[in-house]
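Reading the structure
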Amino acid sequence: MRLPYATIVKTIIFEPLKRIAMAKLWNVLFISSILFLTACSDRSNAPALSGIIWGGEGNRLTIAPATGNPFIDTLLIDNHGRFVWTPDTVEAGFYILQKNPENQILLVLQHGKPIVIDAQYFSFPKGSRVEGFELHEDFLELKEVSKQWHNDLAIISALTSDSTWKPGVDEIKSLKHKQDSLTDSYRQKVLTLSQHPLVRMVGLMQTSGNRPLFDMWTYKDLYFEVDSALVNYSELREVRTYRQGVAKLYALQNKFEKLKAGDSFPNLVLAINRNDTLTTSDLKESPVFIGLFDAGDSEQAAVQARCAELLRQYRWRGLKAVYLNFDSTEVVRDIPQFYYANLKGGLSPELKEELGIVNMPACFVLTQTGIIAARNVWDDRLQQVIGQLVEK
């Protein structure tokens, strides 16, 4: 028996379309109900995170805290594309929601502020609509800039693998200049992304290997500025950690300001070589350069080599110098009034605090009476300061 044409059309075409339309309607109603809950004054019934991932039916997402106690929760996307995350407790902070390690989104979960996501599984996280958190696109852009910086640094570093590259003083100086110039350009890109303190905070914390994008001491004023703007976000785990780090930075600044230009340099035992003791009082009546280096670090070794070459010009003009190396590297002792010591264990915490040593390398230039003329000056500026002292 043949079915009527109208029945065939209804069964084959209109019924499937109807089911698809109803599924989409249910998804729209699902999102609407969540948004309604989040709009109510009492949001305790709304899930911390939920949404629709179109085309993701039967797949999974994972969510994990960006820092702190590690855990990973798996979120199943149901056959309507919906997912819900309702943990027993949620610590306010940064969380990573991801399809896979290459496709993830950074979210900030706060108490009483549920987040609802509407996205396509194929393109996730690009094009995602996020209700309850407006910074996700800024974080995606920041992640891309940080990735490009890392890749470009790797290209520069790969130059040292070339068989023709020689690690001389000039070559190391050139390599450092390229790395610093590249990092500075990406630093400017990050600063133009967003003025929001949370985005600024994450931007300041970007690193590539051991190289920070924003050195804390060099850019301490920027760290302080962001810290002041984060007062209203102190419930967030990462903000608390950041502010604790900045509190230590304030303490370092206070230490550094203990000894500044115009202050008397303390009378300290600077070196002990076998039975020989050298104190700062022994060096008075002459201008003095005191340098502290970790000569095992290639960049610091290059700085020390440039200092040694510069200071040789003043060896017969009354200058005295003290080199303190924090390793076993032997320095050629060819100038009687230049003193050297290898401090394999480095400076004691007490001496670091008394001298206000924050970063290495470090140096002090003293006048004939033991007054600090300058500190942490190098190359042309160091030559200018010493030149003025030996002419007096």
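These figures come from a predicted structure and were not determined experimentally.

Let's shift gears to the overall build of the protein. Assigned secondary structure in the protein consists of nine helices and 17 strands. Pairs at least 24 apart in sequence give 58% of the contacts found in the protein among residues at least 6 apart.

Counted under the stated rule, the structure contains ten aromatic pairs. When the centroid spacing of 5.5 Å and the interplanar angle of 80° are considered together, the rings of Phe214 and Tyr219 count as edge-to-face. Seen in terms of ring centroids, Phe293 and Tyr323 are 6.3 Å apart; in terms of plane orientation they differ by 35°. Their pairing is tilted. With Phe293 in strand β13 (residues 288-293) and Tyr323 in strand β14 (residues 320-325), the pair connects residues that are 30 residues apart, well separated along the chain. Grouping residues by exposure puts Phe293 and Tyr323 together as buried. These aromatic residues form a ring-pair network of at least three members: Phe289, Phe293, Tyr323 and Trp378. Positioned over the ring face of Tyr121 is Lys99, at 4.9 Å from the centre of the ring. The ring of Phe214 carries the charged tip of Arg187 above its face, separated from the ring centre by 5.9 Å.

Note that the residue after Phe124, namely Pro125, is joined by a cis bond; omega there is 10°. Topologically, Pro125 is positioned in the loop between β7 (115-120) and β8 (129-131). A cis amide bond links Met360 with the next residue in sequence, Pro361, at an omega value of -5°. In this fold, Pro361 is placed in the loop between α8 (349-355) and β16 (362-366). Its identity is not glycine, yet Asn376 carries a phi of approximately 55°, on the positive side. Looking at the secondary structure, you find Asn376 in the loop between β17 (372-375) and α9 (379-390). Phi angles above zero are rare outside glycine, and Asp379 is one such case at about 55°.

Before going further, it helps to spend a moment on the layout of surface pockets. In this structure, the largest pocket spans a volume of roughly 910 Å³. In this structure, the largest pocket is lined by 28 residues; those nearest its centre are Lys176, Asp215, Thr218, Glu299 and Met360. If you add up the space inside the second largest pocket, you get close to 750 Å³. Along the walls of the second largest pocket sit 26 residues, with Gln104, Phe139, Leu140, Lys143 and Glu144 positioned nearest its centre.

Glancing now at the packing of helix α2 (residues 136-157) against helix α4 (residues 197-204). Close contact between α2 and α4 brings their axes to 10 Å; oriented N to C, the two are set at 20°. As judged from the angle between their axes, α2 and α4 are roughly parallel. As for how α2 packs across α4, the hand of that crossing is right-handed. Touching Asp138, Phe139 and Leu142 of α2 are Leu198, Val199, Val202 and Gly203, all from α4. Residue composition of the contact of α2 with α4, grouped by class: five nonpolar, one polar and one charged.

Our focus in this paragraph is the confidence of the model for the protein. Looking at the protein, the pLDDT average stands at 83 and 82% of residues meet or exceed 70. Of all the helices and strands in the protein, helix α1 (residues 5-39) carries the lowest mean pLDDT, 47, while α4 carries the highest, 97. In this model, residues 20-41 is a region of pLDDT below 50 whose contacts with residues beyond four sequence positions or in other chains number 26 contacts.

So, on to the pairing of strand β4 (residues 82-85). One face of the sheet, then the other: side chains in a regular strand alternate in exactly this way. Here β4 shows a buried face lined by Phe83 and Trp85 and an unburied face lined by Arg82 and Val84. Looking at chain direction, strand β1 (residues 49-54) and β4 are connected through four bridges and run antiparallel. The partner of Ile52 across the bridge, within β4, is Arg82.

With that settled, consider the environment of Leu292. Structurally, Leu292 can be placed in strand β13. Spatially, the C-alpha atoms of Leu292 and Pro361 are 5.7 Å apart, while their sequence positions differ by 69 residues.

Side-chain pairing between opposite charges can occur once the charged atoms of the two side chains come close. What the rule picks out here adds up to eleven salt bridges. Two residues, Asp78 and Arg82, come together in a salt bridge whose shortest N-O distance is 3.2 Å. Since its relative accessible area comes to 25%, Asp78 is described here as partly exposed. Here Arg243 makes a salt bridge to Asp227, at a shortest N to O gap of 2.9 Å. Of this pair, Arg243 sits in helix α6 (residues 237-256) while Asp227 sits in helix α5 (residues 220-229), and the two are 16 residues apart along the sequence. What emerges from the salt-bridge pattern is a single network uniting Glu91, Arg237, Glu238 and Arg240.

Spatially, the five strands line up as an open sheet ordered β15-β14-β13-β16-β17, and their pairing is mixed. Looking at strand neighbours, the two that pair on one side only are β15 (338-342) and β17, the edges of this open sheet. For this sheet, the mean angle separating the axes of adjacent strands, direction not counted, is 15°. For β14 and β15, the ladder comprises five bridges, and the chain directions are parallel. Bridge assignment links Ala321 to a residue of β15, and that residue is Phe338. The strands touched by α9 are β13, β16 and β17; relative to β16, the strand with the most contacts, the crossing angle is about 20°.

Rules behind the numbers
- Residues numbered from 1 in each chain as written.
- Predicted model: local features only at pLDDT ≥ 70, side-chain atom pairs only at ≥ 80, totals over all residues.
- Heavy atoms only, no water.
- Helix = DSSP H or I, 4+ residues; strand = E, 2+ residues; numbered from the N terminus.
- Contact = heavy atoms within 4.5 Å.
- Phe/Tyr/Trp six-rings, centres within 6.5 Å; stacked < 30°, edge-to-face > 60°.
- Buried < 20%, exposed > 50% of the residue type's maximum accessible area, 1.4 Å probe, protein only.
- Lys NZ or Arg CZ within 6 Å of the ring centre and 35° of its normal.
- 1 Å grid on protein atoms, 1.4 Å probe; cavity = no way out; pocket = protein on both sides within 12 Å on 5 of 7 lines; lining within 4 Å.
- Points joined across faces, edges and corners; volume = space filled by probe spheres on them.
- Axes fitted to C-alpha atoms, helices over the stretch in contact; angles between N-to-C directions.
- Parallel < 35°, antiparallel > 145°, perpendicular 65-115°, else oblique.
- Left-handed = near helix turned anticlockwise from the far one by under 90°.
- Nonpolar A, V, L, I, M, F, W, Y, C, P; charged D, E, K, R; others polar.
- pLDDT = per-residue confidence, 0-100.
- Pairing = 2+ DSSP bridges.
- Salt bridge = Lys/Arg side-chain N within 4 Å of Asp/Glu carboxyl O.

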